[in-house]
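So you can see what is in the structure, the chains are spelled out below.
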Amino acid sequence: MRDRIRRIGVTPMGVAVVGGALWWAIGSLAFPSGIGTLVLAFGLLVAGGLYRAARRRPDARVPSPASARGRLRRLVLLGGLLVVAAVLALGGLGYSELTSPVACMIVGGCLVPAAALLDRSGCVPLGAALMVLGACGALLALRSVGELYPMGLVGLGAGALLWAAAAVEVGLHLELRTKIGSR
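Residues numbered from 1 in each chain as written. Predicted model: local features only at pLDDT ≥ 70, side-chain atom pairs only at ≥ 80, totals over all residues. Heavy atoms only, no water.

## Regarding the overall build of the protein
Here comes step 1: Broken down by element type, the protein carries 8 helices and 0 strands.
Here comes step 2: Scanning the protein from its N terminus toward the C terminus, one meets helices and strands in the order α-α-α-α-α-α-α-α.
Here comes step 3: Counting only residues that meet the buried cut, the protein has 39% of its 183 residues in that class.
Here comes step 4: In the protein, the share of contacts with a sequence separation of at least 24, taken over all contacts with a separation of at least 6, comes to 74%. (Helix = DSSP H or I, 4+ residues; strand = E, 2+ residues; numbered from the N terminus. Buried < 20%, exposed > 50% of the residue type's maximum accessible area, 1.4 Å probe, protein only. Contact = heavy atoms within 4.5 Å.)

Structure representation (structure tokens):
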């Protein structure tokens, strides 16, 4: 199994790109079917482009440190269990519009200790931004009970944040800055 994961190339940056795609898919569900399909297609195109660009960079293929893998696995499992428990509890209580914002806050909260495990200080502001986005989405969801738009906004915002972090991680922002500056 480990060899298969190494062949696939699972890296922290790859997880950010795939996580962004998942959040983007959640966000696209809040739109009507035609617009939602376009938003989803655009998001998958962006995720595919980011992942392809990152795969070309040799420094982006560095897997997580061996000493942190077990603790990171437990943290991911705990975060997943917390998300599932929160979704089930909020759905059972009739507050299903809060599920996406609360899940976003949980993911952001898990990124803060993951930053130390992965030795990537950039995950701390990303985790904080996801927690703030989730809190704002929760407030918006409470004001518009029953509507899906807060869930969509939180999903699209979280996807954009994760993709921006992945772009910074592989240095695409510097490449774009030099290309734009040279014109």
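## Observations concerning helix α6 (residues 123-143)
Residues spaced three or four apart along an α-helix point in a common direction, a consequence of the helix completing one turn every 3.6 residues.
Here comes step 1: In a regular helix each residue adds 1.5 Å, so 21 residues correspond to 30 Å; α6 covers 30 Å between its end C-alpha atoms and thus fits that length.
Here comes step 2: Of all the residues in α6, the buried ones are Cys 123, Leu 126, Gly 127, Leu 130, Gly 134, Gly 137, Ala 138 and Ala 141. Projected onto a plane normal to the axis of α6, the buried residues spread over an arc of 115° and lie on a single side. Exposed residues lying more than 90 degrees from the buried face of α6 are Pro 125, Leu 139 and Arg 143. (Expected span 1.5 Å × (residues − 1). Arc of directions from axis to C-beta.)

## Things to note about the confidence of the model for the protein
Here comes step 1: Confidence in the prediction of the protein, expressed as mean pLDDT, is 76, and 79% of residues score 70 or more.
Here comes step 2: When the criterion is pLDDT under 50, residues 4-9 qualifies, and its contacts beyond four places in sequence or with other chains add up to 6 contacts. (pLDDT = per-residue confidence, 0-100.)

## Concerning helix α5 (residues 99-118)
Here comes step 1: With 20 residues, α5 extends 27 Å from end C-alpha to end C-alpha; this agrees with the ideal 28 Å at 1.5 Å per step.
Here comes step 2: At Val 112, α5 is bent by approximately 30°, the largest bend along its length, and proline Pro 113 sits one to four residues beyond.
Here comes step 3: Within α5, 14 of the 20 residues are buried, which leaves it mostly tucked inside the rest of the structure.
Here comes step 4: Within two residues after α5, Asp 119 carries a phi angle of roughly 60°, on the positive side. (Bend = angle between axes of the 7 residues up to and from the residue.)

## Describing a nonpolar patch on the surface
Here comes step 1: On the surface, Leu 93, Tyr 95, Leu 139 and Leu 142 cluster together into a nonpolar patch covering about 440 Å² of accessible area.
Here comes step 2: Its place among the elements puts Leu 139 in helix α6. (Patch = residues over 30% accessible without salt bridge, like charges linked within 9 Å, V, L, I, M, F, W, Y side chains within 5 Å. Areas by Shrake-Rupley, 256 points an atom, 1.4 Å probe, with all protein chains shown as cover. Salt bridge = Lys/Arg side-chain N within 4 Å of Asp/Glu carboxyl O.)

## Focus on the side chain of Thr 99
Here comes step 1: Position of Thr 99 relative to the elements: it lies in helix α5.
Here comes step 2: In contact with Thr 99, other than residues within four places in its own chain, are Val 87 and Leu 90.

## Things to note about the environment of Leu 29
Here comes step 1: Structurally, Leu 29 is set in the loop between α2 (12-28) and α3 (33-55).
Here comes step 2: Assessed through its relative accessible area of 59%, Leu 29 is described here as exposed.

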